[in-house]
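Structure at a glance
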Amino acid sequence: MLTQQIEAIVEREEDIIPLLKSLTPTQKRELVPFLKTLRTRIFERYDIHEKTKWGVSYSSKPLHSQAKMDIVDKACYVCFNKTDTKKAFFQVSKLSVSDDYLENIIPWYKPKWFGDFINDEMSWDLTYEKLMDLYQKDLFEPSQALILARLPNAIVESSWKNNVNKSIYKPEVLLKHKDTLEQHIWLLFEEVSGINNYYNYLHLDNYKGGNDIWIDTFINLTETQKLDRNRVLIATLHTSTKGFNKTLSGWFFDLLLKLNPSIDEVLSLQDAFFSALNSPHSKVVNTVLKYFKVAASQKKFKHTVFIENASILLNSETKSVVTSTLMILDKIAKIHKSSQNEVCKKAAEGLINVDEKIQVRAAKLIEKYGKPKDDELTNDIGMYADNLFHNSKEILKDFLISKTEHEAEIEEPEIIEPTDVLDESNAIESYKTLDELIFFVSQAIDNNEVYHIDLLLNYVPKLNVLLDQSNVAKLEPIFKRSLDLALSYDWNSQIGNLEHEAAYYINDFAEILMKRFPVELASFKKKKQSKIQKLKEDKFYSKHHKENLKVIEQQSIPDYIYQIHHALFIQSKSFIQKNSTLDLLSKPTHAPCWIHPTTLINRIVAFEKQNETIMLYDFQIAISRLPFNFIPKEIADQIELISDFELKQIFKYHFNLTELKDVKLKQPELWIQSVLIKNKTNELDYFQNKLSTNLKKEIGTYTWDCKLRDHFYLEYDYPSKKQIKKKIVKKELKLHDFDTKKKDSDSLIDNLKGIFKFNKNTVKIKSIYSFMYFKKQKYYTTIQPHDDIKFLYLSPNNPSMLLSQVVHYNLKESTFWDESSKKNMINLLKGLYNIWNRPDYSEGAYLFLATGLLCSDKISRELAAEIWIKANYEGTLDNNFLGSFIGRLEAGEYAPLKRFTDLLTSNLFNISKTHNAFLFQLLNAAIKEMGDTPIRGSKKLLEIFLELKRSSNVSDIDKLTKDKLNKWHTVNSVKPVIKKLLDI
């Protein structure tokens, strides 16, 4: 029989090709079931556990030889249809294009799916030359995607000699096939490819141009007339309309610069150049404007078209684009006098720019060619009068209508009280009925709101007591989703680790209910067991699923800081087991995390009535979520409802009804949050001295500096063929007395103890701050984005402890080197925007905000700017404190000063006169903390400082700032600005 023959051939490792050639189509189909079974057996692997000096190493090896597996592969290749082939082979195209198959199988058997898999899988074993050979032999039609994937690599030939990979530049391969230069090479201009990313890592023996290898190839092809130069120019310009990303578009315009079109070529291709002006990428636009600066002096230049397109260019965020546009408009006005009026109107649009140099350039152009008596022009200029810098106003004084007639003051908002976080409109919706609770729990793990995890911990116990045989089956979809999330190994950017822990918590809830309602939940139990069985059969998931099915008390956590929520989940589960419907004390009543004082007192009273033990960390979080400086009218009477004397005293102290020195601190763990929240120096000192403890880290105050520091790393040296030690100097922010020492491992057990069971004589204070540590890996943080903001909201009145951690681990440098750190920064700034409601935050919060204003991520800078605007609007920010931190950071050149000045002009300047006064304070405090020698970008900072001084009725420059300016006065680049500042 055929099956026995095949088994014998495989066993003896003989040539199977003669047998396969003899098979009829029917025989091939009949062999498929047998070959599937045979393949599973021959490709079976066994596990190997080896002890090494690093621990146990896990690996696997095949049970059978490679020769046997190759024979089975050939049999399957010949007999399987397309569907079976796709399931059986990881990359069947790798076999299809191998020399063995091309020589021994394809000549007599070419599957119908031969070309489909080659085009879909794009095997790296298929080079462009081999692709074209197969095409010439009519074996398949290569897709455009395959050509684009392989053509960029065609001009480099690689080979191994003496265990060394040798690569040489070989552009002549492009001349081998007619279709290459006639069709294929032009696809590079039409579709996305990796042409800009190749060869920068290769060490070519005959080419040293690095990543310009394809640019030089195009230049050579046009110079030797292998490619039409005009067609290459047009194709290059049209890449700006293809939707390419910034890098790829920039590469093509590097090619344009290397082609260096003449003035005649630019004029003849004006339409293509104009189309490129619509590109979203500044390099493309700047390159076009570079050539237009030259062409604009020619009469053939389409100046009217440029004027029509000037508006979008003048509104660009890229300064060089705006500057170049104004220069071209100047040339047009000089040559075409009939267009001078239109040019001036367009130039007026440049006055909205917040960069003084651009404004002055636009103003000079208008002064040069404009007519002060032109009402339309003066009206256009008047629209921007409020935005003009002092120098711009001086230049355009003849065009500006007097202030009494036209110029309006900058809109001036009044300083108002901080946002009422307990306003009724901010109240979090409550759920009571069965259907409401089911609806809420069903969406809680989707991370739709930052407080949903807090609500989940409170609503599941309430849902639990409403369930009976008639309605419990309604929870099956929720249980299924939670099980899928708990067992999922896929990363989801929309949810964090806390949502995964919520899924484990709901799984435990499901297990409790399955024991109570075995018949009603039998269907879900069967589905769960089926899913688990499938995972057990999958070696990759077999160990993973066991860990994620553990009860929540035994679940591992990704980092130390997750202990806080872990304890809350366990506490909530205990409520379910006891059929208790008490709210956790820390459940927020108002978004995003605030608790109404009356509600918190009522919860404590309810705990006392039911003789329920209060968990320490639940209490501390609840106290930390009481709004700062909000004291209800009848708070004294409400406090009297509490039975426990010490708790009563804590609330009296918290709401200013008693002094700290007048009470006995029996359990300091209960007092610490109120002391930190009130943040009064004398009370903090008293508390620390009384207990012989130090709360520096809880307060978030550290000794820090920013300066150049040496770092060492290993780099592979190609000539010596070994790793060598190298030194790099980095500008780095460092918290000197930062100590990451954690509490003992039994602290999680301790945190579940009641507040009335602590040793009253202890001075070692247990608090949630003991857990606010997280590790920073090389390329990511262990705090997932979306969890970070939930940790911030554990202590909204004292965020400095957590934010100091973030500064220490994520913000040593102003540039983000991993995406997770950047997302952490964005989320925390969003969270800080919602809770910033007092000017006396500790150093950690202000240092974090300062780094936010200077960091490399534009979104983060803009969010930090929004915090500054809102906080100054509400009078809840100390600009001297923040400014001093910015100055100290820039003294160490933490970030390019231009980054900060750009943010000042684009986001913070001219918000209102009040904001300008605060901005003056900020810069006043920053400059006096900067170094004795002005760093690059200081001139622009001083120009903004001067403009603020001129435009606002602000106080004098601080004496220490004047001293700093006098030291800088010897530097020529800033001398004129400083003279003006000191003379005012």
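Residues numbered from 1 in each chain as written. Predicted model: local features only at pLDDT ≥ 70, side-chain atom pairs only at ≥ 80, totals over all residues. Heavy atoms only, no water.

- As annotated in an unreviewed UniProt entry, the protein carries the name HEAT repeat protein and is attributed to Winogradskyella eximia.

1. Structural notes on the overall build of the protein
- Within the protein, the regular secondary structure consists of 49 helices and 6 strands.
- Structurally, the protein occupies a C-alpha span of about 100 × 90 × 60 Å along its principal axes.
- Taking as baseline every contact in the protein between residues at least 6 positions apart, the subset at least 24 positions apart corresponds to 72%.
- Between the averaged position of the 137 positive side-chain charges in the protein and that of its 131 negative side-chain charges there is a distance of 4 Å. (Helix = DSSP H or I, 4+ residues; strand = E, 2+ residues; numbered from the N terminus. Contact = heavy atoms within 4.5 Å. Lys, Arg positive; Asp, Glu negative; His and termini not counted. Charge placed at Lys NZ, Arg CZ, Asp CG, Glu CD.)

2. Some points on the nonpolar core
- In terms of nonpolar packing, the biggest core is built from 180 residues, with Phe619, Phe651, Phe687, Trp836, Phe848 and Leu882 touching the most fellow members.
- For this core, the leading source of residues is helix α27 (residues 497–516), giving 10 residues.
- Both domains that meet at this core, namely domain 4 (431–571) and domain 5 (729–981), each give it at least three residues.
- With 129 residues, the next largest nonpolar core counts Val10, Phe140, Phe244 and Tyr369 among its residues. (Core = buried A, V, L, I, M, F, W, Y, C linked by side-chain atoms within 4.5 Å. Buried < 20%, exposed > 50% of the residue type's maximum accessible area, 1.4 Å probe, protein only. Domains from an automatic or database assignment.)

3. Details of the layout of surface pockets
- Considered as a void within the structure, the largest pocket measures approximately 990 Å³ in volume.
- In terms of lining residues, the largest pocket is bounded by 34 residues, among which Ser316, Glu317, Thr318, Lys319 and Lys858 are the most central.
- Elements that contribute at least two residues to the lining of the largest pocket include exactly α14 (246–259), α17 (282–295), α18 (303–314), α19 (319–335), α43 (858–874) and α45 (897–908).
- When residues of the lining of the largest pocket are assigned to their parent elements, the largest contribution, 7 residues, is made by α45. (1 Å grid on protein atoms, 1.4 Å probe; cavity = no way out; pocket = protein on both sides within 12 Å on 5 of 7 lines; lining within 4 Å. Points joined across faces, edges and corners; volume = space filled by probe spheres on them.)

4. Some words on α45
- With 9 of 12 residues buried, α45 lies mostly within the body of the structure.
- Of the positions making up α45, those classed as buried are Leu897, Arg899, Phe900, Thr901, Leu903, Leu904, Thr905, Asn907 and Leu908.
- In this structure, the buried side of α45 is in contact with α42 (843–854), α43, α44 (879–891), α46 (913–929) and α47 (938–951).
- Positive backbone phi, at 65 degrees, marks Asn910, one or two positions downstream of α45.

5. Side note on the pairing of strand β4 (residues 164–169)
- Relative to β4, strand β3 (residues 156–161) runs antiparallel, the two being bridged by 6 bridges. Across the sheet, the residue bridging to Trp160 is Asn165, located in β4.
- Taken together, β3 and the strand that follows it, β4, pair antiparallel across an intervening segment of 2 residues, in which Asn162 is found at a positive phi of about 55 degrees. (Pairing = 2+ DSSP bridges.)

6. Thoughts on the packing of helix α41 (residues 819–835) against α42
- Taken N-terminus to C-terminus, the directions of α41 and α42 make an angle of 125 degrees; their axes are 11 Å apart at the nearest point. Taken together, the axes of α41 and α42 are oblique relative to one another. As α41 runs across α42, the sense of the crossing is left-handed. Where α41 abuts α42, its residues Met825, Leu828, Leu829 and Leu832 lie against Phe848, Thr851 and Gly852.
- A class-by-class count of the residues in the contact of α41 with α42 yields 5 nonpolar, 2 polar and no charged. (Axes fitted to C-alpha atoms, helices over the stretch in contact; angles between N-to-C directions. Parallel < 35°, antiparallel > 145°, perpendicular 65-115°, else oblique. Left-handed = near helix turned anticlockwise from the far one by under 90°. Nonpolar A, V, L, I, M, F, W, Y, C, P; charged D, E, K, R; others polar.)

7. A short note on the packing of aromatic side chains
- Applying the stated rule across the entire model yields 36 aromatic pairs.
- Their ring planes at 40 degrees and their centres at 6.0 Å tell us that Phe273 and Phe292 sit as a pair that is tilted. Of this pair, Phe273 sits in helix α16 (residues 270–276) while Phe292 sits in helix α17, and the two are 19 residues apart along the sequence.
- A relative accessible area of 1% means that Phe273 is categorised as buried.
- Judged by its relative accessible area of 0%, Phe292 is buried.
- On the numbers, 4.9 Å between centres and 50 degrees between planes, the contact of Tyr846 with Phe881 is tilted. One end of the pair, Tyr846, is in helix α42; the other, Phe881, is in helix α44, with 35 residues separating them in the sequence. (Phe/Tyr/Trp six-rings, centres within 6.5 Å; stacked < 30°, edge-to-face > 60°.)

8. Comments concerning the packing of helix α26 (residues 476–487) against α27
- Relative to each other, α26 and α27 sit at 130 degrees, their axes nearing to 8 Å. Judged by the inter-axis angle, α26 sits oblique to α27. The element α26 and its partner α27 pack so that their crossing is left-handed. For the pair α26 and α27, contact is made by Ile478, Phe479, Ser482, Leu483, Leu485 and Ala486 and by Glu499, His500, Ala503, Tyr504, Ile506, Asn507, Phe509, Ala510 and Leu513, respectively.
- Here the residues of the contact of α26 with α27 are counted per class, giving 11 nonpolar, 3 polar and 1 charged.

9. Details of the pattern of salt bridges
- Taken as a whole and assessed by the stated rule, the structure comprises 54 salt bridges.
- Across the salt bridge formed by Lys242 and Glu190, the nearest N and O atoms sit 2.9 Å from each other. Taken together, the residues span a long stretch of sequence, with Lys242 in the loop between α13 (229–238) and α14 and Glu190 in the loop between α11 (178–187) and α12 (213–223) at a distance of 52 residues.
- The exposure class assigned to Glu190 is partly exposed, which follows from its relative accessible area of 39%.
- Counted as one network, the salt bridges with shared partners bring together Lys319, Asp355, Lys898, Asp902 and Lys940. (Salt bridge = Lys/Arg side-chain N within 4 Å of Asp/Glu carboxyl O.)

10. Quick look at the confidence of the model for the protein
- Of all residues in the protein, 92% have pLDDT values of 70 or greater, and the mean over the chain is 89.
- Ignoring residues within four places in sequence, the model shows residues 740–749, a span with pLDDT below 50, making 14 contacts including any to other chains.
- A low-confidence stretch, residues 751–762 (pLDDT under 50), is modelled with 32 contacts involving residues beyond four sequence positions or located in other chains. (pLDDT = per-residue confidence, 0-100.)

11. What about the environment of Phe114?
- Along the chain, Phe114 turns up in helix α8 (residues 114–121).
- As a C-alpha pair, Phe114 and Asp420 span 306 residues in sequence and 69 Å in three-dimensional space.
- Other than its neighbours up to four places away in sequence, Phe114 contacts Tyr77, Ser96, Leu102, Ile106, Leu139 and Phe140.

12. Focus on unusual backbone geometry
- Omega for the peptide link from Ala591 to Pro592 comes to -5 degrees, which places this bond in the cis form.
- Considering the arrangement of structural elements, one finds Pro592 in the loop between α30 (563–577) and α31 (597–609).
- Positive phi is not limited to glycine here, since Asn579 has a value of about 60 degrees.
- Following the sequence through the fold, Asn579 ends up in the loop between α30 and α31.

13. Here we look at helix α24 (residues 434–443)
- Within the sequence span of α24, burial applies to Leu434, Leu437, Ile438, Phe440, Val441 and Gln443.
- Buried residues in α24 make contact with α25 (452–466), α26 and α27.

14. Re the environment of Asn797
- Along the chain, Asn797 falls in the loop between α39 (788–792) and α40 (800–810).
- Take Asn797: its relative accessible area is 3%, and that puts it in the buried class.
- Distance from Asn797 to Trp594, taken between C-alpha atoms, is 9.9 Å for residues 203 residues apart in sequence.
- Other than its neighbours up to four places away in sequence, Asn797 contacts Trp594, Ser624, Leu626, Pro627, Phe628, Ile677, Asn837, Arg838 and Tyr841.
- Polar side-chain contacts of Asn797 include one of 3.1 Å to the backbone oxygen of Ser624. (Polar contact = N/O pair within 3.5 Å; in protein donor to acceptor, adjacent residues only side chain to side chain.)

15. What to know about the state of the cysteines
- The full count for this structure, using the stated rule, is 0 disulfides.
- In this structure Cys79 is not part of a disulfide, and its nearest cysteine sulfur, from Cys76, lies 7.5 Å away.
- Cys855 provides the cysteine sulfur closest to Cys706, a residue in no disulfide bond, and the two sulfurs are 14 Å apart.
- Overall, Cys706 belongs to the buried group, its relative accessible area being 9%. (Disulfide = S-S within 2.5 Å.)

16. Points about the side chain of Gln620
- Looking at the element boundaries, Gln620 is found in helix α32 (residues 616–624).
- There is a polar contact of 2.9 Å between the side chain of Gln620 and the backbone oxygen of Glu669.
- Residues contacting Gln620, with those up to four places away along its chain left out, are Glu669, Ile672, Gln673, Lys766, Ser767 and Ile768.

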